[in-house]
Amino acid sequence: MEPNLVIVESPAKAKTIEKFLGKDFLVKSSFGHIRDLEKKNLGIDIAHDYQPQYIVSDDKVSIVTELKKLAKRADTVWLASDEDREGEAIAWHLAEVLKLDKKNTKRIVFNEITKNAILHAVQHPRTIDQNLVDAQQARRVLDRLVGFELSPVLWKKVRPSLSAGRVQSVAVRLLVEREREIRDFKITSFYRVTGKFRLPEQDKKASVLNAELNTRFNSSEEAQAFLERCKPAKYQVTDVTTKPAKKSPAPPFTTSTLQQEASRKLSFSVAQTMSVAQKLYEAGKITYMRTDSVNLSDLAIEMAKQAITDRFGANYVHSRQYKTKSKGAQEAHEAIRPTYMDKEEIAGTTQEKRLYELIWKRTVASQMSDAQLEKTTVTISISTTLEQFVATGEIIKFDGFLKLYIESRDDENEEEKTSLLPPLAKGNPLNPDRITAMQHFTHHPPRYTEASLVKKLEELGIGRPSTYAPTISTILQRGYAVKEDREGVERTFVILTLTDNQIKKETGKEITGAEKAKLFPSDIGMVVSDFLLEHFNNVMDYNFTASVEKEFDEIAEGNLDWTKMIDKFYRPFHEKVDVTTKTSERSVGERHVGIDPESGRAVIAKVGKFGPLVQLGETSDSEKPRFAGLLKGQHIDTITLEEALALFRLPRKVGQYEGKDVTAAIGRFGPYLAHSSKFYSLRPATGNPLTITLERAIEIIEAKREADRNKIIKSFDHDSELSILNGRWGPYIAFKKENYKIPAKRDPASLTYEDCLEIIEKSAVKPSKKTTRKKTKK
């Protein structure tokens, strides 16, 4: 008889908790296999007649069976899933599927996996909070209603295999609107004037002062005229203003701010950050990583105070409690912090160490003193004109939290950086060393990174900490957006310089438009977003999505019945789905590009079955229309007539090699070369099918042949189905369309035919696991 059975979600969490409980407790993991799956034919009655279903494989059935046996033998079953709504729902589902008796079932929650926290939870158990369960059920049911009802509409009206979602579709809308804002942006130029001045001193040495003119000019003529006025001018310090200032530390991390800062400082993706944070939490190194609270416990504040005093001194301590600004945040939860503040470093993978260090620094810095600064502003008059130069600088009188941590920003600007100023007084004359008017260009709004998209979703009140990472992963996996780097283009700019009373005009070069790890909406993402916005603008409305989150909060607090909330949404929504299905036209983002001057036929850009394409001719024409796929970087709403017509010149004969034609074309999977019945992929970095030369084509063909030759380590003449190959993850044996790993200690090149068969026999493929469905009885 086991007195106590503790059930958690994962083996890692179970292993850590096990260390803190005595022999009277048996800790087991459900391994994430208990989960509900709502009925696919979701009718309006689902909100009133909801029953969980479970899809489990053979292995999962055995785990459920084992947990049932253990639960029957235990005096008390402790449900220790995570403390958020999803964790509460997991505890409820466990209780349902294991048929636990409420009398001997206890719910325990903890914000950190430490001995004190675990023992405190055991001493203060509670029952399952049905309000939290209902809030999670409402979210899952509503999201599935939206997804299951909208997706079939997209299959019929746009393209098969598409999907829609309450949060994901709104996130795609953000990307689409930003992209169109960028494409419509009109770039203008202006001239920024800076001056480098010297302060003459008695020892003939000079102190340098860098300043910027308080006016910007719209044209080179205006800038030139200003520099002409500066030739005979005298310069004098007319005002020196010094003010004290301070900088305060950022609050400790919430889920979204951790994702943003890890992206900026560590170049982690949102999903990567959450994966690493999950491991740190389950290992007992940080507190729970899905939270929207910046609150710290009194114990954490005291630990931080001690850590700061030990490392930097008592004058660096400034204990403070932050208040969460976001609506619906649960202050009972804590911010993400180390479980032990005295541990500045941990053992683990490189990623775990880096993320832990970031969390430790941010948490400790939040309890450190403000940085004390002194800001100085110097105004410089010009005797021949009304414009003035202004120099700003600051000195750090006391570094405070800056000694440990500085928060990054998405919009950091080199021009905002200040510097130290030389000693100055009102009336000081200045000698101009150089005055420069440099051409600059306005910049379009920045494209979203994963981090800035999370920030925007949070600002709009869309989603919750647990939804940001899966939302971004979904829109990338569905092909509604891509995350990639893009090269910029070269641009020239004008530099006008006044030195020694002479104005010199030069041109410089810069790269503009380069993007790194940015999110770009795809053509299909734009078409789907436009369709949903036209026909389901209420679901796509930012305020609707945010208001739904507030209703979930109301349900969690017990102020709203979740079935009524679902019913209120579903009835008008379902009617709109029916009307749209019956009356709306197909939407493929069709755009009339122009008329082919040779044939007089229309050129149309749209989304086809296998992606964006251009079409020559209408379907109603006597001659069948021709189709051509777009190249990477081309889009249906921006492709020009010239670019579209060029695509119809494919397939294109590049030349002959080894007596056979080399052809460039675009297929279902992108551009390629064809030669001697073999195909060679063309990527943007290797060649464009419209312009590639024969010489470059031959290089690509030979490179692929060389790679293929190196791929084969060994083959056997008497058995063509067996070979030893080089793969992406090392050498392996290929036999009858199955791959087998070669033991690390074996030399692939020296393996005999018999050795290969022995390895194959020892690592025989395991039979696939069947899936069965079990339903709870009503």
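Keep in mind the model is a prediction, meaning the values are calculated, not measured. (Residues numbered from 1 in each chain as written. Predicted model: local features only at pLDDT ≥ 70, side-chain atom pairs only at ≥ 80, totals over all residues. Heavy atoms only, no water.)

**Focus: the pattern of salt bridges**
Stage number 1. Throughout the structure, instances matching the rule amount to 51 salt bridges.
Stage number 2. Measuring nitrogen to oxygen at the nearest pair gives 3.0 Å for the salt bridge that ties Lys-13 to Glu-9. There is no split in this pair, since Lys-13 and Glu-9 are both buried.
Stage number 3. Ionic pairing is found between Arg-290 and Asp-84, a salt bridge with its closest N-O pair at 3.6 Å. Taken together, the positions of Arg-290 in the loop between helix 9 (270-282) and helix 10 (298-312) and Asp-84 in the loop between strand 4 (76-79) and helix 3 (85-97) put the pair 206 residues apart, joining distant regions of the chain.
Stage number 4. A residue is classified by how much of its surface remains accessible, and Asp-84, at 10% relative accessible area, is buried.
Stage number 5. Counted as one network, the salt bridges with shared partners bring together Glu-179, Arg-183, Arg-447, Glu-515, Lys-518 and Asp-637. (Salt bridge = Lys/Arg side-chain N within 4 Å of Asp/Glu carboxyl O. Buried < 20%, exposed > 50% of the residue type's maximum accessible area, 1.4 Å probe, protein only. Helix = DSSP H or I, 4+ residues; strand = E, 2+ residues; numbered from the N terminus.)

**With respect to the nonpolar core**
Stage number 1. Phe-110, Leu-154, Ile-286, Leu-355, Leu-453, Leu-532 and Val-614 are the most contacted members of the largest nonpolar core, which totals 125 residues.
Stage number 2. When residues of this core are assigned to their parent elements, the largest contribution, ten residues, is made by helix 5 (residues 130-157).
Stage number 3. Discounting chain neighbours no more than four positions away, the residues touching Leu-355 are Leu-258, Ala-262, Leu-266, Phe-268, Thr-273, Val-276, Ala-277 and Leu-280.
Stage number 4. Judged by nonpolar contacts, the second largest core, of 27 residues, contains Tyr-191, Phe-226, Tyr-235 and Leu-496. (Core = buried A, V, L, I, M, F, W, Y, C linked by side-chain atoms within 4.5 Å. Contact = heavy atoms within 4.5 Å.)

**A word on the confidence of the model for the chain**
Stage number 1. For the chain, per-residue confidence averages 88 on the pLDDT scale, and residues scoring 70 or more make up 91% of the total.
Stage number 2. Low pLDDT (under 50) marks residues 32-58, which in the prediction has 73 contacts with non-local residues, meaning those over four places away or in another chain. (pLDDT = per-residue confidence, 0-100.)

**With respect to the sheet that holds strand 2 (residues 25-29)**
Stage number 1. Read across the open sheet, the four strands follow the order 2-1-4-5; overall the sheet is parallel. Taken across any chain shown, the strands that pair with only one partner, and hence form the sheet edges, are strand 2 and strand 5 (105-107). Neighbour-to-neighbour, the strand axes of this sheet turn through a mean angle of 25°, independent of strand direction.
Stage number 2. In this sheet, strand 4 lies alongside strand 1 (residues 4-8) in parallel orientation, the contact comprising four bridges. Each residue of the ladder has a partner; that of Asn-4, found in strand 4, is Thr-76. (Pairing = 2+ DSSP bridges. Axes fitted to C-alpha atoms, helices over the stretch in contact; angles between N-to-C directions.)

**Section: unusual backbone geometry**
Stage number 1. Backbone torsion omega between Leu-650 and Pro-651 reads 0°, so that peptide bond is classified as cis.
Stage number 2. By secondary structure assignment, the location of Pro-651 is in the loop between helix 18 (641-647) and strand 20 (652-657).
Stage number 3. Phi angles above zero are rare outside glycine, and Ser-161 is one such case at about 70°.

**Quick look at the packing of aromatic side chains**
Stage number 1. As enumerated under the stated definition, the model contains 13 aromatic pairs in all.
Stage number 2. Between Phe-197 and Phe-389, the ring centres sit 5.2 Å apart and the planes meet at 70°, which makes this aromatic pair edge-to-face. Placement of Phe-197 in strand 6 (residues 189-200) and of Phe-389 in strand 10 (residues 388-398) is noted, with a sequence separation of 192 residues between them. Summarising the burial analysis for this pair, Phe-197 and Phe-389 share the class buried.
Stage number 3. Seen in terms of ring centroids, Tyr-281 and Tyr-288 are 5.2 Å apart; in terms of plane orientation they differ by 70°. Their pairing is edge-to-face.
Stage number 4. Here Tyr-288 falls in the buried class, since its relative accessible area comes to 1%.
Stage number 5. Here the aromatic cluster, defined as three or more aromatic residues joined through ring pairs, consists of Phe-197, Phe-217, Phe-226, Tyr-235 and Phe-389.
Stage number 6. Taking NZ or CZ as reference, Lys-265 lies 5.0 Å from the ring centre of Tyr-405, over its face. (Phe/Tyr/Trp six-rings, centres within 6.5 Å; stacked < 30°, edge-to-face > 60°. Lys NZ or Arg CZ within 6 Å of the ring centre and 35° of its normal.)

**Side note on the sheet that holds strand 18 (residues 611-616)**
Stage number 1. An order of 16-17-18-19 is seen for the four strands of this open sheet, with the pairing classed as antiparallel. In this open sheet, the two strands that pair with only one neighbour each are strand 16 (591-595) and strand 19 (626-629). The sheet shows a mean angle of 30° between the axes of neighbouring strands, direction not considered.
Stage number 2. Sheet topology places strand 18 next to strand 19; four bridges connect them, and they run antiparallel. Directly across from Leu-616, in strand 19, lies its bridge partner Arg-626.

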